[in-house]
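Fold and contact review
The chain contents come next:
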Amino acid sequence: DELRKIFHNLRLHRPIPANAIQLTGGEPTLHPKLVDIVAAAKVEGFDQIQLNTNAVNLSRDPSLAKRLRHAGLNTLYMSFDGVSKRANPKNHWEAPMALDVCRKAGIGIVLVPTLIRTINDHELGALVNFALNNSDIVKAINFQPVSLVGRMPSKQREAQRITIPGAIKMIEQAE
């Protein structure tokens, strides 16, 4: 009920009501009422409903993807740090299955790699190729520089941080 009120208030905003919403959290696919939440957002009039997820649970339960799409989900904002197991340990094995599940359900995907020097910077070209090879379902890549503020000394942070201009240069230089 509280989410319905929030969705309603977002749609009442003037001069331009919100037309898109991203559902996130820890891992939203763990929420037992996620399908109902997506449906409530759709009922309130959101045109674009996006789910921020690692997609592991979707790869394990294809029916969840179908139910989410039927409820109104348009896009997965999917964590995907690289094409190798080393660069992407959190969903390396599940990501291809998640793409297939979303392909069958009609849900578009935005890949979201968190860029970290020495971890996945050598895979930027491969990430772009992966997206191109799945362009029927992958609609974009949102490169996200790591934010390690407060978690490590600034010298170490600067050694691992990649800026967006730096990422563009790396992609241009990739084979």
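Further up the page is the structure itself.
Report follows, based on the coordinates. Remember, it's a predicted structure, so these values are computed and weren't measured experimentally.

Some details on the layout of surface pockets
As a volume, the largest pocket reaches approximately 160 Å³. Around the largest pocket, the lining comprises 14 residues; the ones closest to its centre are Asn52, Thr53, Asn54, Ser79 and Lys90. Elements with a contribution of two residues or more to the lining of the largest pocket: strand S2 (48-53) and strand S3 (75-79). Each residue belonging to the lining of the largest pocket can be placed in one class, and the counts come to 3 nonpolar, 9 polar and 2 charged.

With respect to the pattern of salt bridges
The final tally for this structure, using the stated rule, is 5 salt bridges. Note that lysine 90 is salt-bridged to aspartate 81, the shortest N-O span being 3.0 Å. For lysine 90, a relative accessible area of 42% gives the class partly exposed. The exposure class assigned to aspartate 81 is buried, which follows from its relative accessible area of 10%. As a salt-bridge pair, aspartate 100 and lysine 104 come within 3.1 Å of each other at their nearest N and O atoms.

Quick look at the nonpolar core
One finds Leu76 and Met78 to be the most contacted residues of the largest nonpolar core, which totals 40 residues. Within the residue set of this core, elements represented by two or more residues are strand S1 (20-23), helix H2 (34-43), S2, helix H4 (62-71), S3, helix H5 (94-105), strand S4 (108-112) and helix H6 (124-133). The leading source of residues in this core is H5, at 6 residues. Each residue touching methionine 78, except ones within four places of it in the same chain, is listed here: Thr53, Asn54, Ala55, Asn91, Ala95, Ala98, Leu99, Ile109, Val110, Leu111 and Val112.

Details of the packing of aromatic side chains
A full pass over the atoms with the stated rule returns 2 aromatic pairs. Judged by centre distance (4.7 Å) and plane angle (25°), the ring pair of phenylalanine 80 and phenylalanine 130 falls under stacked. Residue phenylalanine 80 is located in the loop between S3 and H5, and its partner phenylalanine 130 is located in helix H6; the two are separated by 50 residues in the primary sequence. On the basis of relative accessibility, which here comes to 3%, the residue phenylalanine 80 falls in the buried class. Among the residues examined, phenylalanine 130 registers a relative accessible area of 19% and is labelled buried. For arginine 11, the ring lying beneath its charged end belongs to phenylalanine 46, and the centroid distance is 5.8 Å.

Topic: the packing of H2 against H4
Interhelical geometry of H2 versus H4 gives an angle of 20° and a closest axis separation of 8 Å. Between H2 and H4, the crossing angle belongs to the class labelled roughly parallel. Seen from above, H2 lies across H4 with right-handed handedness. Facing H2, whose interface residues are Leu34, Val35, Val38, Ala39 and Lys42, H4 presents Leu64, Arg67, Leu68 and Ala71. Split by residue class, the contact of H2 with H4 holds 7 nonpolar, no polar and 2 charged.

Brief notes about the sheet that holds strand S6 (residues 138-141)
The sheet built from 5 strands is open, its strands ordered S1-S2-S3-S4-S6 with parallel pairing. Each edge of the sheet is formed by a strand with only one pairing partner; in this case those strands are S1 and S6. Within this sheet the neighbouring strands show an average axis-to-axis angle of 20°, counted without direction. With 4 bridges joining them, S2 and S3 adopt parallel strand pairing. Each residue of the ladder has a partner; that of leucine 51, found in S3, is leucine 76.

Side note on a nonpolar patch on the surface
Together, Leu3, Ile6 and Leu10 make up a nonpolar patch on the protein surface, roughly 220 Å² of accessible area in all. Position of leucine 3 among the secondary structure elements: in helix H1 (residues 2-12). You can call leucine 3 partly exposed: its relative accessible area is 37%.

Here is what the cut-offs are and how they apply
- Residue positions are counted from 1 within each chain, in the order its sequence is given.
- For this predicted model, a pLDDT threshold of at least 70 governs which residues receive local features, and a threshold of 80 or more governs which side-chain atom pairs are given and counted, while totals over whole chains, interfaces and linings are taken from all residues.
- Note: side-chain values were computed over all heavy atoms of the structure, leaving out hydrogens and water.
- The method works on a 1 Å grid over the protein atoms by themselves. A cavity is a set of points holding a 1.4 Å probe that cannot get out, a pocket is an open set with protein on both sides within 12 Å along at least five of seven lines, and residues with an atom within 4 Å of a point line them.
- Grid points are joined across faces, edges and corners, and a volume is the space filled by probe spheres set on the points.
- To qualify as a helix, a DSSP run of H or I must reach at least 4 residues; to qualify as a strand, a run of E must reach at least 2; elements of each kind are numbered from the N terminus.
- The nonpolar class holds Ala, Val, Leu, Ile, Met, Phe, Trp, Tyr, Cys and Pro. Asp, Glu, Lys and Arg form the charged class, and all remaining residues, Gly among them, are polar.
- We count a salt bridge whenever a side-chain nitrogen from Lys or Arg sits within 4 Å of a carboxyl oxygen from Asp or Glu.
- Relative accessibility thresholds used throughout: buried, under 20% of the residue-type maximum; exposed, over 50%; partly exposed, between the two (1.4 Å probe, protein chains only).
- Nonpolar core, defined: a set of buried Ala, Val, Leu, Ile, Met, Phe, Trp, Tyr and Cys residues in which side-chain atoms within 4.5 Å join the residues together.
- Two residues qualify as a contact provided that any one of their heavy atoms is within 4.5 Å of a heavy atom in the partner residue.
- In this analysis, rings of Phe, Tyr and Trp, with Trp reduced to its six-membered ring, are considered paired at centre separations within 6.5 Å, and the interplanar angle assigns stacked below 30 degrees, edge-to-face beyond 60, and tilted for intermediate values.
- Put simply, a charge is over a ring when the Lys NZ or the Arg CZ is close to the ring centre, within 6 Å, and near the line of the ring normal, within 35 degrees.
- Every axis corresponds to a line fitted to the C-alpha atoms, with the helix fit spanning only the stretch in contact, and the corresponding angles, defined between N-to-C directions, vary from 0 to 180 degrees.
- Geometric relationships in this document are graded by angle, where less than 35 degrees denotes roughly parallel, more than 145 denotes roughly antiparallel, 65 to 115 denotes roughly perpendicular, and other angles denote oblique.
- If you view the pair so one helix is near and one far, a crossing is left-handed when the near helix is turned anticlockwise from the far one by less than a right angle, and right-handed when it is turned clockwise.
- When DSSP finds at least two bridges between two strands, those strands are taken to pair.
- For patches, a residue must show more than 30% relative accessible area and have no salt bridge; joins then use 9 Å for like charges and 5 Å for nonpolar side chains, namely Val, Leu, Ile, Met, Phe, Trp and Tyr.
- Throughout, the Shrake-Rupley method with a 1.4 Å probe supplies accessible areas, and for residues the shown protein chains are the sole cover considered.

Geometry only, nothing functional implied.
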